[in-house]
Amino acid sequence: MREHAFMVPLREQWGEGIVSLQAGSDLELDVRLESVHEGILVSGTADGTYVGVCGRCLTDISAPVEVEFQELFAYPGEEETDYEVQDDHVDLETLVRDAAVLSLPFQPVCQPDCPGLDPITGERLAESTGAETAAPIDPRWSALQQIADQGSAEDTRAPENTEES
């Protein structure tokens, strides 16, 4: 068994969604290699930082990502396997890239309760100017709105001469 820890700069961007691991960023790997009868069992962790935009409000975000992986690299033989030992070496790039990209969030957010963008103004609701805008009224309910407006107008009128005996 051998254990290795090293930093690897990414040569290309990993991930195609709204967040990704950028080219040139560093990926920290802690790897454990164990010799087994069928080949070499590789297990470890990869730590990096993804960057992109919030899926709700489109602000820039950056967050750490940690992924664990374990895979058997089989010795070349008659059986086909996904990963093989080649010239007494194992190529971890595909294994680590697949694990890291699959661990990226599908709908990343800048904060768990991010309200997103205002559908009318396009402003971030988290940074709202405080101006309250009335929700548009469905025209099918406008008759009820007129009745409600009449009722509030009657309440604001001065009471007429009411005489108690």
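Please read these numbers as outputs of a predicted model, since none were measured by experiment. (Residues numbered from 1 in each chain as written. Predicted model: local features only at pLDDT ≥ 70, side-chain atom pairs only at ≥ 80, totals over all residues. Heavy atoms only, no water.)

### Considerations on the nonpolar core
Grouped together as the largest cluster of nonpolar side chains are 28 residues, with contacts concentrated most on V42, Y50, F69 and V96. At 6 residues, strand β5 (residues 60-74) tops the list of elements feeding residues into this core. When near neighbours in sequence (up to four residues on either side) are disregarded, Y50 contacts V19, S20, L21, I61, S62, A63, P64, V65, L104 and P105. (Core = buried A, V, L, I, M, F, W, Y, C linked by side-chain atoms within 4.5 Å. Buried < 20%, exposed > 50% of the residue type's maximum accessible area, 1.4 Å probe, protein only. Helix = DSSP H or I, 4+ residues; strand = E, 2+ residues; numbered from the N terminus. Contact = heavy atoms within 4.5 Å.)

### Some words on the pairing of strand β4 (residues 39-53)
Burial within β4 is extensive, with 11 of its 15 residues counted as buried. Where strand β2 (residues 19-20) and β4 come together, 2 bridges link them in antiparallel fashion. In the sheet register, V19 faces β4, and the bridge partner there is G52. Bridge analysis of strand β3 (residues 26-36) against β4 gives 9 bridges, and the strand direction is antiparallel. Of the residues in β4, the one forming a bridge with L29 is A46. With antiparallel pairing between neighbouring strands as the criterion, β3 and β4 make up a hairpin whose turn holds 2 residues. As paired strands, β4 and β5 are joined by 15 bridges and run antiparallel to one another. (Pairing = 2+ DSSP bridges.)

### Observations concerning the pattern of salt bridges
Inspection of every chain in the model, using the stated rule, returns 3 salt bridges. The partner of E93 in a salt bridge is R11, and the shortest N-O contact between them spans 3.2 Å. Residue E93 is found in helix α1 (residues 93-103), and its partner R11 is found in the loop between β1 (2-9) and β2; the two are separated by 82 residues along the sequence. Take E93: its relative accessible area is 28%, and that puts it in the partly exposed class. (Salt bridge = Lys/Arg side-chain N within 4 Å of Asp/Glu carboxyl O.)

### Here we look at a negative patch on the surface
Together, E3, E28, D30, E66 and E68 make up a region of like negative charge exposed at the surface. Among the secondary structure elements, those contributing two or more residues to the negative patch are β3 and β5. Mapping E66 onto the fold places it in strand β5. (Patch = residues over 30% accessible without salt bridge, like charges linked within 9 Å, V, L, I, M, F, W, Y side chains within 5 Å. Areas by Shrake-Rupley, 256 points an atom, 1.4 Å probe, with all protein chains shown as cover. Lys, Arg positive; Asp, Glu negative; His and termini not counted. Charge placed at Lys NZ, Arg CZ, Asp CG, Glu CD.)

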